[in-house]
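Next come the chains, spelled out residue by residue.
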Amino acid sequence: MKEIMMVGAGSVGGYFGAHLARNNSHVSFLLRPKTQAAVAKNGLTIRSAIGESFTVRPPSASNPQDLPQPDLIILGVKAYDLNEVMDQIEPVLKPDTTILTLQNGVTIEDTLKMRFGRERVVGGVAIIYSKIVEPGVIDHYKKGMVTIGELMGLETPRLLEIKDLFKEAGIPCFITEDIRKAKWEKMCWNCVFNPLTVLLNDHVAKALDVPELKPVIATIVREVSAVAMAAHRVPLDGEMPEKVVKWSQELRDIHTSMYDDWKAGRPTEIDELNGYIVKRGQEFGVPTPMNEMLTALIKGLLPQESSDEPVVVVEGAVQQTLRFSRKHLSQLALEYQISDVGRVMPNMRGTGVKFQGILDVVTLQPGVDHVTFNSQDGKYSACVTLEQARKFGIFLYEQDGGDFPFERGGPFRLVTPGLGDLCANVKQVGRIVFSQGLAQDTRPPEACAEER
Ligand SMILES: Nc1nc2c(c(=O)[nH]1)N[C@H]1C(S)=C(S)[C@@H](COP(=O)(O)O)O[C@H]1N2
Ligand SMILES: [Mo]
């Protein structure tokens, strides 16, 4: 296994991939364009709280054809990205390329097997706590080991080879004869602590320390175990609820990957975790009310936008934080839509909506009289009165049926024709914050003339 292709440089792919690449120039990375650009420019950096911090500069590409044809592919991306990744790697598989997955979820190995054949697939479980700080930079907090196994349970030469690769990289790697059971045991833990940390908005410890949650945790695990047996013929230990709690003691102060995804506004793996338990439970007549409730609550809690879709957040003195995507803005009342902003602002081109249209949707708290438009990077803000915003504000969100271009101040730009201050035309608006009284304003003291 000479050429190794790591897919993904997130908390899992980034951490393990960086270690593998450290002393092995044959480790390359298949990445999304944004991450690829960052890794190509600055390398891939691990900042570890418990081990070494380092940067590697591995070959990377967002098209697998641009990388050496792999003997081993390691999947370190989120479970929900599997389909896209399978399409990407298919054309570069050699007859004997092995695919190792380190992803969460108990169906990945089967999905890979159906698509590429059993002989290609090696199952894996990663035990790690790390998170993406920004593309190409991973913070590592705890653990960092893998368990791998053949679907048929044998200890094959390729397993030993993979184990050696990890060993040379300083990553503890264990071989198991029962990779399905290992995956289901992690599934139990994930189905408990991923949703609970999100719903409690806190660390694992919080879930462990509320006495009323003890029986809830046990019920979640028992439902997962029942589905493992009914749908997959994987018998789990009767003591799993106690085991799950025991494993968690040393992870008390962590959040979970679902918590991090949720906080970062990314999609979560709920469909592959509790949602999967519910779905299979229904098929096999296994009641899973607790997992059903968790799935529903997580889905209800999350913004439904995908991570790549730009949104502007509306918050501050409002009853409820709101997020507007381009689609949401285009669906605001027709009477407020400005299909051609050039008519009111001759040097501008694009589609916008009067700020009044956004105001109609937001429920303000009593006394609100100002609103601040903050740029995404937090460096520029303009605070105007509610009346000024209502009267003059136009929020640009589209040009030629696509995103409003970044160079022109997109994806969202405020313009205020008639206000008499060009400096109030905030580019790349990321947050709109309502307040009583003045708030942050970085506009230059001398107003720039409106007409040029
Ligand atoms: N995000 C952001 N928006 C901004 C600024 C800025 O520095 N950052 N400058 C402001 C100022 S002072 C002016 S005069 C106008 C200039 O807009 P223009 O580049 O389209 O002429 O943008 C305003 N919006
Ligand atoms: Mo300005």
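Engineer: When you look at the overall build of the protein in this model, what are you seeing that I'm missing?
Structural biologist: For the protein, the count of helices and strands is 15 helices and 20 strands. Summarising its shape, the C-alpha atoms of the protein cover approximately 75 × 50 × 40 Å along the three principal directions. A fraction of 68% describes how many contacts in the protein between residues 6 or more apart in sequence connect residues 24 or more apart. Of the accessible surface of the protein, which amounts to about 20800 Å², a share of 51% is contributed by carbon and sulfur atoms. Of note, the protein has its 50 positive side-chain charges centred 1 Å away from the centre of its 57 negative side-chain charges.

Engineer: Before we go on, may I ask you to explain the side chain of Glu223 in this structure?
Structural biologist: Its location among the elements puts Glu223 in helix α8 (residues 213-232). Although buried, Glu223 forms no salt bridge, and the nearest oppositely charged side chain, Arg222, lies 8.0 Å from it.

Engineer: What should I look at first to understand the packing of aromatic side chains in this one?
Structural biologist: We describe a pair of aromatic rings using the distance from one ring centre to the other and the angle between the two ring planes. Inspection of the entire model under this criterion finds eight aromatic pairs. When the ring of Tyr15 is compared with that of Phe16, the centres are 5.2 Å apart and the planes differ by 90°; the resulting orientation is edge-to-face. On the basis of relative accessibility, which here comes to 7%, the residue Tyr15 falls in the buried class. Among the residues examined, Phe16 registers a relative accessible area of 0% and is labelled buried. Ring geometry for Tyr259 versus Trp262: centroids 6.0 Å apart, planes at 65°, classification edge-to-face. Taken as a pair, Tyr259 and Trp262 lie in helix α10 (residues 257-263) at a separation of three residues, close to a single helical turn.

Engineer: Which parts of the structure should I look at to understand the environment of Ile132?
Structural biologist: Within the secondary structure, Ile132 sits in strand β8 (residues 121-134). A C-alpha to C-alpha distance of 23 Å links Ile132 and Lys299, two positions 167 residues apart in sequence. With residues near it in sequence (within four places) discarded, Ile132 still touches Gly10, Ser11, Val137, Ile138 and Arg266.

Engineer: Would you mind going over empty space enclosed by the protein with me for this structure?
Structural biologist: Empty space among the atoms becomes visible once a probe the size of a water molecule is rolled across them. Taken as a whole and assessed by the stated rule, the structure comprises three cavities of 30 Å³ or more. If you add up the space inside the largest cavity, you get close to 70 Å³. Lining the largest cavity, in full, are Val106, Glu109, Asp110, Leu151, Ile179, Arg180, Lys183, Trp184 and His232. Those elements that place two or more of their residues in the lining of the largest cavity are α4 (108-116) and α6 (179-200). The class makeup of the residues in the lining of the largest cavity is four nonpolar, one polar and four charged. The residues that make up the lining of the largest cavity include at least three from each of domain 1 (1-177) and domain 2 (179-306).

Engineer: For this particular structure, what's the right way to read helix α2 (residues 33-42)?
Structural biologist: Think of an α-helix as 3.6 residues a turn; residues three or four steps apart then line up on the same face. What α2 keeps buried is the set Thr35, Gln36, Ala38 and Val39. Looking straight down α2, one finds its buried side chains confined to an arc of 165°; they lie on one side. Turned more than 90 degrees away from the buried face of α2, the exposed residues are Pro33, Lys34 and Lys41. On its buried side, α2 packs onto β3 (44-48) and β5 (60-61). Remark: Gly43 follows α2 within two positions and exhibits a positive phi of approximately 80°.

Engineer: When you look at the side chain of Asn194 in this model, what are you seeing that I'm missing?
Structural biologist: The residue Asn194 is located in helix α6 in this model. A relative accessible area of 1% means that Asn194 is categorised as buried. In terms of polar contacts, Asn194 uses its side chain to reach the side chain of Asn190, at 2.9 Å. In terms of polar contacts, Asn194 uses its side chain to reach the backbone amide nitrogen of Met258, at 3.0 Å.

Engineer: Would you mind going over the domain arrangement of the protein with me for this structure?
Structural biologist: A common way to report how large an interface is uses the accessible area buried once the components associate. By domain assignment, the protein separates into domain 1 (1-177), domain 2 (179-306) and domain 3 (311-451). Domain 1 and domain 2 are separated by 24 Å when their C-alpha centres are compared. Where domain 1 abuts domain 2, roughly 2300 Å² becomes buried across the two surfaces, and 55% of that area is made up of carbon and sulfur atoms. Looking only at domain 1, the three residues that lose the most surface to domain 2 are Tyr80, Asn104 and Val106, adding up to 29% of its buried area. Remark: the boundary between domain 1 and domain 2 carries six salt bridges. Between Asp260 and Lys131 there is a salt bridge whose closest N-O contact spans 3.5 Å. Our enumeration of links across domain 1 and domain 2 arrives at 15 residue pairs in polar contact (both at pLDDT 80 or more).

Conventions used here
- Residues numbered from 1 in each chain as written.
- Chains lettered and ligands numbered in written order.
- Predicted model: local features only at pLDDT ≥ 70, side-chain atom pairs only at ≥ 80, totals over all residues.
- Heavy atoms only, no water.
- Helix = DSSP H or I, 4+ residues; strand = E, 2+ residues; numbered from the N terminus.
- Contact = heavy atoms within 4.5 Å.
- Areas by Shrake-Rupley, 256 points an atom, 1.4 Å probe, with all protein chains shown as cover.
- Lys, Arg positive; Asp, Glu negative; His and termini not counted.
- Charge placed at Lys NZ, Arg CZ, Asp CG, Glu CD.
- Buried < 20%, exposed > 50% of the residue type's maximum accessible area, 1.4 Å probe, protein only.
- Salt bridge = Lys/Arg side-chain N within 4 Å of Asp/Glu carboxyl O.
- Phe/Tyr/Trp six-rings, centres within 6.5 Å; stacked < 30°, edge-to-face > 60°.
- 1 Å grid on protein atoms, 1.4 Å probe; cavity = no way out; pocket = protein on both sides within 12 Å on 5 of 7 lines; lining within 4 Å.
- Points joined across faces, edges and corners; volume = space filled by probe spheres on them.
- Nonpolar A, V, L, I, M, F, W, Y, C, P; charged D, E, K, R; others polar.
- Domains from an automatic or database assignment.
- Arc of directions from axis to C-beta.
- Polar contact = N/O pair within 3.5 Å; in protein donor to acceptor, adjacent residues only side chain to side chain.
- Buried area = accessible area lost by both parts, 1.4 Å probe.

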